[in-house]
Each structure stands twice: as C-alpha cells, then as structure tokens.
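Per-entry structural report
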Amino acid sequence: MNKKIKCQFPLFYKHPELIYLDNAATTQKPQVVIDAMVDYYTDYNANIHRGIYSSGERATLQYEQARATVAQFLKAEVDEIVFVKNATEGINLVTFSYGLQHVGPGDQIILTEYEHHANILPWQRLAQTVGATLAYIPVRDDGTLDYQVFESMISPKTKLIACAAVSNVTGAYTDIKKIVDAARSVGARVLLDAAQLVAHERVDVKKMDVDFLVCSAHKLYGPTGIGALYIKKPLADQMAPYQLGGSMVFDVDWHHAHYAKAPYKFEAGTQPIAQAIGFSAAIGWIEHQGIDVIAQHEHALMQLLLHSLMTMPHIRIVGPIEQLESKGHLVSFVVKGMHAHDVAAYLNDAHIAVRAGHHCAQPLAKKLGIDASVRVSLGCYNTVEDIEVLVDKLRSL
Ligand SMILES: Cc1ncc(COP(=O)(O)O)c(C=O)c1O
C-alpha cells in the first residue's frame, strides 16, 4: 500500500534516498495538493467574497467548498469552521476572543504537562492579563496523564481546559472523554489541540463534544499557512473578532462597525485562498486513501520499530510503550551517552530525517530531566524498509 502511496509525492522522486520520519513536524505533499494550488494560481486567481466576475466567483466557490470539506472531515457544521494560519493561531484566537471575556480574576485554566508551547504561552498571557491561575495535569513517569490528580484539580473555578489530543513528545493519547466529562461537571469549556491527531484518527467533534478544536493543514499532507479552528455553536456569538479589517464587517460608520457573523467575523483581510484549496485537496486525498487504512499501516510500522528499540540496551523510550504499541504513530527516545542532536546528525548522514530537541515542550523536558530526545514520527508513505534502515543505523550507534 505504501509504495503506491509514496509515488504520489513528488519530493520522493527528487530525493529517492530520503527516509522521512519527521511527520509530526510537517508532512510531505501529494501531487494532487500541489496541482490544486497551481490550478488556482494559473486558472482562476482572484480575491474572494468581492469580485462580480467569473474568476472571483469561482475562487469564492472553491474557498467556501474548502470550508465545507473541512467541516465534513471534522463532522462539524460549515459555519463552525474558521480558517486560521495554523493550530497556533487558532489557540491564540480562542484565548483573545473567548478567554478575555469569559475568564476572570481567580478563575482557573487547566492544561496538561505535555502541551506544546503553542498551547501554553497564549494561556500564560491570558492568565497574567485577567488574573486567572494556570494548573497542569501531571504527566506520569510512563508519559501518560494522571487523571486521578486531574479530578482533584477540577472545581467551579475551572473555566477552561485546553489539552493536546496526542502528545507531540511522548505520543500518549489523551482520554478526551474523561476531560470533557469533568469539564461539563463544572460548566468549563474544552479546547482540543488536535494537531497530532487529525492525520491519524477519524475526528468527530460532535461525538467528542469539545467546544473548540484546532489543527494545521501542513501536518495533514496539506500546505503550510492554513489550519482550522472549530467553534461549537453558538459560542462564536459570545466571542469578539480577533483581528479587524476588510471582509469581516457587515456595515461600517466613522465611529462604529457592525461585524459579520461567524465564521466571517474571524477572517479579516485577504485570506490564504490557495492554501484553503490545497487543504481541501489534502482532505480529499486522505479520504480517498482511507484514514483507517493509513492508521493501521502506521501502527504496524510502530510495532515493528518499538520491538526493535526495546532490544537495544543503549536506547530508552520516553513514552507509554503499551499505548504506543496499540495505536501510536510517534515515539521519542534517548540514547545513553549520546546527545540527541548527534544522533540526528548521524542519521542524517544516512538520509534519515528525524527530529531532535525538546520538541517545543520545554517544561515537559525539564520535568522529565531530558534536555533533548530523538523523535521518530510516521506518515502514510513510510515503509518497512524505512524502519529497517533506521533500526540498522540505531543498532550500530
Ligand atoms: C501538539 C501540537 N500542538 C500545536 C502545534 C503547533 O502547530 P503549528 O506550528 O502548525 O501551529 C504542534 C506542532 O508541532 C503540535 O505538535
């Protein structure tokens, strides 16, 4: 299956030697995604929601069709999807547009200890601005969350819980139901950072019952510069626009403006039109392959990798091995006596691309006492041979 897939990615034609194992950072793009964007620029390039002429109307139609595709993919309603630059911008938008108005002095925001900086820093600023407190669900030694402690942290002061669906460091999956049930018991809202989930598991925002969800297209075989923010209805009505400018208004006077409804009130200025069209093409491509088929393939490769790593005494896995075995798609490890950057450089000499560092989760790295680890993250085009070559190189370290 993966050979048939790999040939759809032009980068691997140019670099047939490349073993790309940094999919949690960004994924490669299939030809159909590139074609969809080139088609926009070469055939109907125009701004959207403005021109009463054919290319403008076609561009608008494609952009709005892209929104409908994202909505269908996440099982949301079309007007619950806001296009943002990436997951990071989606979180910043929620802290500004929702947090500033609904979180006050003495209120509590709960995060987890395995958040990416993108899901820490905006909340730190919100807490400092409004006088709220931040609390973190502890990560246990095996990399999973301590839900018992979490349940003791929840109180009527909890206004918002923001957590990653999958840790980009340990690969641990969050028990979303536990988080949402606890939040509902005190009337708190839940933001799910699905950056590491959407390319690996089917998402259903209605079943998950989260209030906000963010993801980036570039981790889903789509282009950079675009992501999606889901805002459950009717929450958007209680939220202020994030940026102000063209397109997001209904009526403007010298001293007042009447903003458009969601999602338009959150999309000020000219939007990343080609990227939205590319995002839609990426979702179409994934749906065609079957997200469950991709997930099964990745899990099989992960099992193969884990079983080999566990036989190497110089390697220590940083993460919940049992959970990774059943559904993981990324794993981090440290090599005894060797810095992670040196391991990555050594692998690069063999054309193997992995990530090394703190993975934008410095507080977790400090807690685990690991300043840097090596991360291998899988995508749909990885092959058994990719894993075999990697394992071979790691054995000979
Ligand atoms: C869990 C998680 N959240 C958020 C982000 C931020 O994504 P982006 O840089 O696309 O905004 C990342 C990126 O690696 C991530 O892994």
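All values derive from a computational prediction rather than experimental measurement. (Residues numbered from 1 in each chain as written. Predicted model: local features only at pLDDT ≥ 70, side-chain atom pairs only at ≥ 80, totals over all residues.)

1. Brief notes about the overall build of the protein chain
Helix and strand counts for the protein chain come out as 15 helices and 15 strands. Considered along the principal axes of its C-alpha atoms, the protein chain spans approximately 70 × 55 × 35 Å. Counting all 397 residues of the protein chain, 47% fall into the buried class. Within the protein chain, contacts between residues at least 6 apart in sequence are counted, and of these 70% link residues at least 24 apart. (Helix = DSSP H or I, 4+ residues; strand = E, 2+ residues; numbered from the N terminus. Buried ≥ 20, exposed ≤ 12 C-beta atoms within 10 Å, placed from the backbone. Contact = placed C-beta atoms within 7 Å.)

2. Things to note about the site of the ligand
As a matter of local geometry, the ligand sits amid 13 residues, with Asn 86, Thr 88, Asn 168, Ala 195 and Ser 216 nearest to it. Split into classes, the residues belonging to the shell around the ligand amount to five nonpolar, seven polar and one charged. (Near = placed C-beta within 6 Å. Nonpolar A, V, L, I, M, F, W, Y, C, P; charged D, E, K, R; others polar.)

3. A look at the domain arrangement of the protein chain
Reports often express the size of an interface as the amount of accessible area lost when the parts come together. For the protein chain, the assigned domains read domain 1 (2-21 + 290-395) and domain 2 (33-287). Measuring from the centre of the C-alpha atoms in domain 1 to the corresponding centre in domain 2 gives 27 Å. Domain 1 puts 21 residues into the contact, and the matching count from domain 2 is 21 residues. Elements represented by at least two residues in the side of domain 1 that touches domain 2 include exactly helix 11 (291-309), helix 12 (321-327), strand 12 (330-335) and helix 14 (362-368). Grouping the constituent residues of the side of domain 1 that touches domain 2 by class yields twelve nonpolar, six polar and three charged. (Domains from an automatic or database assignment.)

4. Details of the packing of helix 11 against helix 15 (residues 384-395)
Direction vectors running N to C along helix 11 and helix 15 enclose 15°, while the axes themselves pass 10 Å from each other. Judged on the interaxial angle alone, helix 15 and helix 11 are roughly parallel. Between helix 11 and helix 15 the crossing geometry is right-handed. Of helix 15, the residues touching helix 11 (which contributes Leu 301, Leu 304, Leu 305 and Ser 308) are Val 384, Ile 387 and Val 391. Counted by class, the contact of helix 11 with helix 15 contains six nonpolar, one polar and no charged residues. (Axes fitted to C-alpha atoms, helices over the stretch in contact; angles between N-to-C directions. Parallel < 35°, antiparallel > 145°, perpendicular 65-115°, else oblique. Left-handed = near helix turned anticlockwise from the far one by under 90°.)

5. Side note on the nonpolar core
Counting 116 residues, the largest nonpolar core has Ala 194, Leu 213, Tyr 230, Ile 277 and Ala 282 as the members making the most contacts within it. No other element matches the ten residues that helix 10 (residues 273-289) contributes to this core. Two domains share this core, each providing at least three of its residues, namely domain 1 (2-21 + 290-395) and domain 2 (33-287). Residues in contact with Ile 277, not counting those within four places in the same chain, are Ala 36, Met 37, Tyr 40, Gln 62, Tyr 63 and Ala 66. (Core = buried A, V, L, I, M, F, W, Y, C linked by C-beta atoms within 7 Å.)

6. Re unusual backbone geometry
The omega torsion of the bond from Lys 233 to Pro 234 falls at 0°, within 30 degrees of zero and hence cis. Relative to the assigned elements, Pro 234 resides in the loop between strand 8 (227-231) and strand 9 (249-252). Along the chain, Ala 262 connects to Pro 263 via a cis peptide bond; the corresponding omega equals 5°. Tracing the chain through its elements places Pro 263 in the loop between strand 10 (257-259) and helix 10.

7. Digging into the sheet that holds strand 12
Pairing within the open sheet is antiparallel, and its four strands lie in the order 11-12-15-14. Strands at the two margins of the open sheet, each flanked by one partner only, are strand 11 (315-317) and strand 14 (355-357). Adjacent strand axes in the sheet meet at a mean angle of 30°, parallel and antiparallel pairs treated alike. As paired elements, strand 14 and strand 15 (residues 373-377) share three bridges and run antiparallel to each other. Paired with Gly 357 across the bridge in strand 15 is Ser 373. (Pairing = 2+ DSSP bridges.)

8. Focus on the pairing of strand 15
Counting buried positions along strand 15 yields five of five residues, so the element is predominantly enclosed. Neither face of strand 15 is exposed, since Ser 373, Arg 375 and Ser 377 on one face and Val 374 and Val 376 on the opposite face are all buried. Where strand 12 and strand 15 come together, four bridges link them in antiparallel fashion. Residue pairing for strand 15: Ser 332 is matched across the bridge by Arg 375.

9. Focus: helix 4 (residues 54-74)
Here helix 4 contains 21 residues, and its C-alpha end-to-end distance of 30 Å stays within 8% of the 30 Å for a straight helix at 1.5 Å per residue. Those residues of helix 4 that fall on the buried side of the exposure criterion are Ala 59, Tyr 63, Ala 66, Arg 67, Thr 69, Val 70, Phe 73 and Leu 74. Projected down its long axis, helix 4 carries its buried residues within an arc of 160°, all on one side. Away from the buried face of helix 4 by more than 90 degrees, exposed residues Ser 54 and Leu 61 are located. Against helix 3 (31-43), strand 2 (81-84), helix 9 (205-208), strand 7 (212-216), strand 8 and helix 10 lie the buried residues of helix 4. (Expected span 1.5 Å × (residues − 1). Arc of directions from axis to C-beta.)

10. Points about the pairing of strand 12
For strand 12, the tally of buried residues reaches five of six residues, placing the bulk of the element in the interior. Judged from the three bridges that link them, strand 11 and strand 12 form a sheet pairing that is antiparallel. Counted as the bridge partner of Ile 315 is Val 335 from strand 12.

11. Remarks on helix 5 (residues 87-102)
With 16 residues, helix 5 extends 21 Å between its outermost C-alpha atoms, agreeing within 8% with the 22 Å of an ideal straight helix rising 1.5 Å per residue. Approximately 30° is the largest bend angle found in helix 5, and it occurs at Thr 95. Most of helix 5 sits out of view: twelve of its 16 residues are buried. The complete set of buried residues in helix 5 reads Ala 87, Thr 88, Glu 89, Gly 90, Ile 91, Asn 92, Leu 93, Val 94, Thr 95, Ser 97, Tyr 98 and Gly 99. Those residues of helix 5 that are buried are in contact with strand 2, helix 6 (121-130), strand 5 (158-164), strand 6 (189-193), strand 7 and strand 8. (Bend = angle between axes of the 7 residues up to and from the residue.)

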